[in-house]
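# Analysis of the macromolecular model
Here is what each chain is made of, one letter per residue.
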Amino acid sequence: MKEQIFDIIETIAATDEFREDLDMDLFEEGILDSMKAIMLIVDLEGNFNISLPPSEMDREDWNTANKIVKRVQEKVNEN
């Protein structure tokens, strides 16, 4: 699951530089912006059959690759 999530991030962000530091702030580094974040949510929801309501997605809760993996795993486990 982790690699699949990283692949999705890489595809949307058009870079793999975050893989060198999985705790890198993706927004501060310009890897994700608001449009890419929406695309990421849609892709994650479709790939993992989960719901990620924007109201539950504070930027600080998913601004790194590790946090995104953790959040998706939590949602998958809820189902």
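Residues numbered from 1 in each chain as written. Predicted model: local features only at pLDDT ≥ 70, side-chain atom pairs only at ≥ 80, totals over all residues. Heavy atoms only, no water.

### Looking at the overall build of the protein chain
Along the protein chain, the regular secondary structure elements total three helices and zero strands. Scanning the protein chain from its N terminus toward the C terminus, one meets helices and strands in the order α-α-α. A globule of 79 residues ought to have a C-alpha radius of gyration of about 12 Å, and the protein chain, at 11 Å, matches this closely. Once the C-alpha set of the protein chain is aligned to its principal axes, its extents read approximately 30 × 25 × 20 Å. The contacts in the protein chain between residues at least 6 apart in sequence include a share of 57% that link residues at least 24 apart. A gap of 4 Å separates the mean positions of the 8 positive and 20 negative side-chain charges of the protein chain. (Helix = DSSP H or I, 4+ residues; strand = E, 2+ residues; numbered from the N terminus. Rg over C-alpha atoms; globule rule 2.2 N^0.38 Å. Contact = heavy atoms within 4.5 Å. Lys, Arg positive; Asp, Glu negative; His and termini not counted. Charge placed at Lys NZ, Arg CZ, Asp CG, Glu CD.)

### Observations regarding the UniProt feature "modified residue: O-(pantetheine 4'-phosphoryl)serine" (unreviewed entry) in the protein chain
UniProt records the feature "modified residue: O-(pantetheine 4'-phosphoryl)serine" (unreviewed entry) at Ser34, using the numbering of this structure. Here Ser34 lies in helix α2 (residues 34-48). For Ser34, a relative accessible area of 57% translates into the label exposed. (UniProt positions renumbered as here; feature names shortened; annotations may be inferred. Buried < 20%, exposed > 50% of the residue type's maximum accessible area, 1.4 Å probe, protein only.)

### Description of the UniProt feature "domain: Carrier" (unreviewed entry) in the protein chain
Feature annotation in UniProt places "domain: Carrier" (unreviewed entry) on residues 1-76, given in this structure's numbering. The span residues 1-76 carries 51% helix and 0% strand; its end-to-end C-alpha distance comes to 10 Å.

### Considering the packing of aromatic side chains
Aromatic rings considered in pairs are described by the distance between their centres and by the relative angle of their planes. Summed over all chains, the structure comprises two aromatic pairs. Ring centres of Phe6 and Phe18 lie 6.1 Å apart, and the angle between their planes is 70°; this geometry places the pair in the edge-to-face category. Residue Phe6 is found in helix α1 (residues 2-13), and its partner Phe18 is found in the loop between α1 and α2; the two are separated by twelve residues along the sequence. Under the relative-accessibility criterion, Phe6 is labelled buried at 3%. On the basis of relative accessibility, which here comes to 0%, the residue Phe18 falls in the buried class. (Phe/Tyr/Trp six-rings, centres within 6.5 Å; stacked < 30°, edge-to-face > 60°.)

### Thoughts on the packing of α1 against helix α3 (residues 65-78)
To characterise two packed helices, one gives the angle between the axes of the helices and the distance between these axes. Relative to each other, α1 and α3 sit at 125°, their axes nearing to 10 Å. Considered as vectors, α1 and α3 are oriented oblique to each other. Crossing hand, α1 versus α3: right-handed. Along the contact surface, α1 presents Lys2, Ile5, Phe6 and Ile9, while α3 presents Ala65, Ile68, Val69 and Val72. Looking at the contact of α1 with α3, its residues break down into seven nonpolar, no polar and one charged. (Axes fitted to C-alpha atoms, helices over the stretch in contact; angles between N-to-C directions. Parallel < 35°, antiparallel > 145°, perpendicular 65-115°, else oblique. Left-handed = near helix turned anticlockwise from the far one by under 90°. Nonpolar A, V, L, I, M, F, W, Y, C, P; charged D, E, K, R; others polar.)

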